[in-house]
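Now for the letters of each chain:
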Amino acid sequence: EAGVAQSPRYKIIEKRQSVAFWCNPISGHATLYWYQQILGQGPKLLIQFQNNGVVDDSQLPKDRFSAERLKGVDSTLKIQPAKLEDSAVYLCASSQFGELFFGEGSRLTVL
Amino acid sequence: GENVEQHPSTLSVQEGDSAVIKCTYSDSASNYFPWYKQELGKRPQLIIDIRSNVGEKKDQRIAVTLNKTAKHFSLHITETQPEDSAVYFCAAARLNTGNQFYFGTGTSLTVIP
């Protein structure tokens, strides 16, 4: 079975610029998560979708981060404007019956 | 929300020795406790998990134990090999009520040949 797909794998931007990350979950997985993983730390949940509805976005910095999951399949995470502290790997994961399956991640460097 | 603490942050063992990583959680409603292995530059991958109705689970050289009363769970790796070197994350989740997963801060395990 195909895994969770993410793109781009790497992105370098200047602070105050914008960036968008895309995620395609495993087919049939209703739950989709975006995590932020700063170097040396564990993944931190940013937002969780169940189909196309938001379940939890309590840790999403809504003044600069936004995410959507139109049609309940693919999802996009956007950062605008980016700050230096947003440098991290953004991991997308999907789940159907409990087990999380992660994508390879999108590594963002903000200069 | 849930708070997951993980210790130690780094662990070095000789090849063939055992390694133990411990996690505690705060939410008594958490009922699912997976462990993920993350090699450098790669995605986290599930290596073993345990549900709250079970006290211990084994899979070859890997075992996980859960103490619900004390709210802690541990990963045990026996007969360690150099390929076990990686960062290990524990997590706690409430399956069927929200399904949010909360991760520990990670343990960097180095197995010395």
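First, a word on scope: everything that follows refers to the structure included in this document.

Thresholds applied
- Residues numbered from 1 in each chain as written.
- Chains lettered and ligands numbered in written order.
- Predicted model: local features only at pLDDT ≥ 70, side-chain atom pairs only at ≥ 80, totals over all residues.
- Heavy atoms only, no water.
- Helix = DSSP H or I, 4+ residues; strand = E, 2+ residues; numbered from the N terminus.
- Rg over C-alpha atoms; globule rule 2.2 N^0.38 Å.
- Contact = heavy atoms within 4.5 Å.
- Areas by Shrake-Rupley, 256 points an atom, 1.4 Å probe, with all protein chains shown as cover.
- Lys, Arg positive; Asp, Glu negative; His and termini not counted.
- Charge placed at Lys NZ, Arg CZ, Asp CG, Glu CD.
- Buried area = accessible area lost by both parts, 1.4 Å probe.
- Salt bridge = Lys/Arg side-chain N within 4 Å of Asp/Glu carboxyl O.
- Polar contact = N/O pair within 3.5 Å; in protein donor to acceptor, adjacent residues only side chain to side chain.
- Nonpolar A, V, L, I, M, F, W, Y, C, P; charged D, E, K, R; others polar.

### Quick word on the overall build of chain A
Link 1 in the chain: Regarding its fold elements, chain A presents 0 helices and 11 strands.
Link 2 in the chain: When the helices and strands of chain A are read in sequence order from the N terminus, they spell out β-β-β-β-β-β-β-β-β-β-β.
Link 3 in the chain: Relative to its length of 111 residues, chain A is compact, with a C-alpha radius of gyration of 13 Å against a globular reference of 13 Å.
Link 4 in the chain: Expressed as lengths along the three principal axes of its C-alpha atoms, the size of chain A is roughly 40 × 25 × 25 Å.
Link 5 in the chain: Partitioning the intrachain contacts of chain A with sequence separation of at least 6 by distance along the chain shows that 51% fall at a separation of at least 24.
Link 6 in the chain: Summing over all exposed atoms, chain A offers an accessible surface of approximately 5500 Å²; the carbon and sulfur share of this is 51%.
Link 7 in the chain: One way to put it: in chain A the 12 positive side-chain charges average out to a point 7 Å from where the 11 negative ones average out.

### Let's talk about the interface of chain B and chain A
It is common to report an interface's size as the accessible area lost on association of the parts.
Link 1 in the chain: Taken together, the 19 residues of chain B in the interface contact 22 residues of chain A.
Link 2 in the chain: Roughly 1600 Å² of surface becomes buried between chain B and chain A when both sides are summed, with 49% attributable to carbon and sulfur atoms.
Link 3 in the chain: For chain B, the biggest contributors to the area lost against chain A are Arg43, Phe101 and Phe103 of chain B; these three give 35% of the whole.
Link 4 in the chain: Counting across the interface, chain B meets chain A through 1 salt bridge.
Link 5 in the chain: In this structure, glutamate 104 of chain A and arginine 43 of chain B form a salt bridge, with 2.9 Å as the shortest nitrogen-oxygen distance.
Link 6 in the chain: At the junction of chain B with chain A, the criterion picks out 7 residue pairs in polar contact (both at pLDDT 80 or more).
Link 7 in the chain: When residues of the side of chain B that touches chain A are traced back to their parent elements, those giving at least two are strand 4 (32-38), strand 5 (45-51) and strand 10 (101-103) of chain B.
Link 8 in the chain: Taken together, the residues of the side of chain B that touches chain A sort by class into 9 nonpolar, 7 polar and 3 charged.

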